[in-house]
Amino acid sequence: MTGLVKYIREIIEDSELSQAYGPRFQHLFEQTILLKEYITDIFLRELESSYPENYERLKEAVKEREAQELAFYEEGMKNGVFNRLDGRLIVLQDEILRNILDVKYLMDNHLTVYQVLYEYYTLKKTQLFKPDTMKIADDSLMAPRIEYMAQKISKDLY
């Protein structure tokens, strides 16, 4: 448990180091996918009932990461890179990942994990970046990272 909290805190530090909006957005996207995949609702419920002090520490680390993510979005909006949106809604929409990465959903809709991840990445990028700044997030760099995440998630799903 301590390792997970430490990992989230390292994520916060790493994200603050890179100042380029495109790579930082991609890094946050990747972190979000992996955190949503591995910190499941079942895991949180069991952690809360069995180890409430660890649950609170994890919850606090996740809150810190969310605050850092919101600050990044606000900074990008202030600097004219991102569209003016409510950052809390951007963060909240990531909850959809729990549903779209469900085996039943994927099978019912004839989708692969890669397709879902790449489409979700495109959706977030299009939604967040202004049209004239969208090219700063280089999709060719993201495709292999999405492929890696898709393989990792697929192994856990099936």
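Residues numbered from 1 in each chain as written. Predicted model: local features only at pLDDT ≥ 70, side-chain atom pairs only at ≥ 80, totals over all residues. Heavy atoms only, no water.

Chemist: If you had to explain the packing of aromatic side chains to someone new, which residues and values would you point to?
Modeler: Within this structure, the stated rule accounts for 12 aromatic pairs. Seen from their ring centres, Y73 and F82 are 6.2 Å apart, and the 65° between their planes marks the pair as edge-to-face. Both residues of the pair, Y73 and F82, count as buried. A network of ring pairs unites the aromatic residues Y21, F25, F29, F72, Y73, F82, Y114, Y118, Y120, Y121 and F129 as a single cluster. (Phe/Tyr/Trp six-rings, centres within 6.5 Å; stacked < 30°, edge-to-face > 60°. Buried < 20%, exposed > 50% of the residue type's maximum accessible area, 1.4 Å probe, protein only.)

Chemist: Outline the layout of surface pockets, listing residues and values.
Modeler: One number sums up the size of the largest pocket: a volume of about 440 Å³. Lining the largest pocket we find 20 residues, and of these K36, V62, E66, E95 and R98 sit closest to its centre. When residues of the lining of the largest pocket are traced back to their parent elements, those giving at least two are α2 (21-38), α3 (41-50), α4 (52-78) and α5 (87-92). For the lining of the largest pocket, the element with the most residues is α4, which contributes 8 residues. Taken together, the residues of the lining of the largest pocket sort by class into 8 nonpolar, 1 polar and 11 charged. Around the second largest pocket, the lining residues are K36, E37, T40, D41, I42, L97, R98, L101 and L157. Only α2, α3 and α6 (97-100) provide two or more residues apiece to the lining of the second largest pocket. For the lining of the second largest pocket, the class distribution of residues is 4 nonpolar, 1 polar and 4 charged. (1 Å grid on protein atoms, 1.4 Å probe; cavity = no way out; pocket = protein on both sides within 12 Å on 5 of 7 lines; lining within 4 Å. Points joined across faces, edges and corners; volume = space filled by probe spheres on them. Helix = DSSP H or I, 4+ residues; strand = E, 2+ residues; numbered from the N terminus. Nonpolar A, V, L, I, M, F, W, Y, C, P; charged D, E, K, R; others polar.)

Chemist: Go over the environment of K135, please, and point to the residues and values.
Modeler: When you line up the elements, K135 lands in the loop between α8 (113-128) and α9 (139-157). Counting along the chain gives 10 residues from K135 to K125, while the straight-line C-alpha distance between them is 9.9 Å. Polar side-chain contacts of K135 include one of 3.1 Å to the backbone oxygen of D132. (Polar contact = N/O pair within 3.5 Å; in protein donor to acceptor, adjacent residues only side chain to side chain.)

Chemist: Talk me through the nonpolar core; I want residue IDs and the actual numbers.
Modeler: Membership of the largest hydrophobic core comes to 30 residues, with the highest contact counts inside it found for I33, Y73, F82, L117, F129 and M149. Of all the secondary-structure elements, those providing two or more residues to this core are α2, α4, α5, α6, α8 and α9. Apart from the residues within four sequence positions on either side, F82 is in contact with Y21, F72, Y73, G76, M77, L128, F129 and K130. (Core = buried A, V, L, I, M, F, W, Y, C linked by side-chain atoms within 4.5 Å. Contact = heavy atoms within 4.5 Å.)

Chemist: Outline α9, supporting the account with residue identities and numerical values.
Modeler: Here α9 spans 26 Å end to end across 19 residues, near enough to the 27 Å set by a 1.5 Å rise per residue. Those residues of α9 lying buried are M142, I146, M149, A150 and I153. Summarising the axial view, the buried residues of α9 lie within an arc of 110°, below the 170-degree limit, and thus occupy one face. Turned more than 90 degrees from where α9 packs its buried face, S140, L141, P144 and K155 sit exposed. (Expected span 1.5 Å × (residues − 1). Arc of directions from axis to C-beta.)

Chemist: Residues and numbers for the packing of α2 against α8, please.
Modeler: Two elements in contact, α2 and α8, have axes separated by 11 Å at closest approach and are oriented at 135°. By the angle between their axes, α2 is oblique relative to α8. Relative to α8, the crossing made by α2 is right-handed. Only L117, Y120, Y121, K124, K125 and L128 of α8 make contact with α2, whose side of the interface consists of F25, Q26, F29 and I33. Of the residues contributing to the contact of α2 with α8, the split by class is 7 nonpolar, 1 polar and 2 charged. (Axes fitted to C-alpha atoms, helices over the stretch in contact; angles between N-to-C directions. Parallel < 35°, antiparallel > 145°, perpendicular 65-115°, else oblique. Left-handed = near helix turned anticlockwise from the far one by under 90°.)

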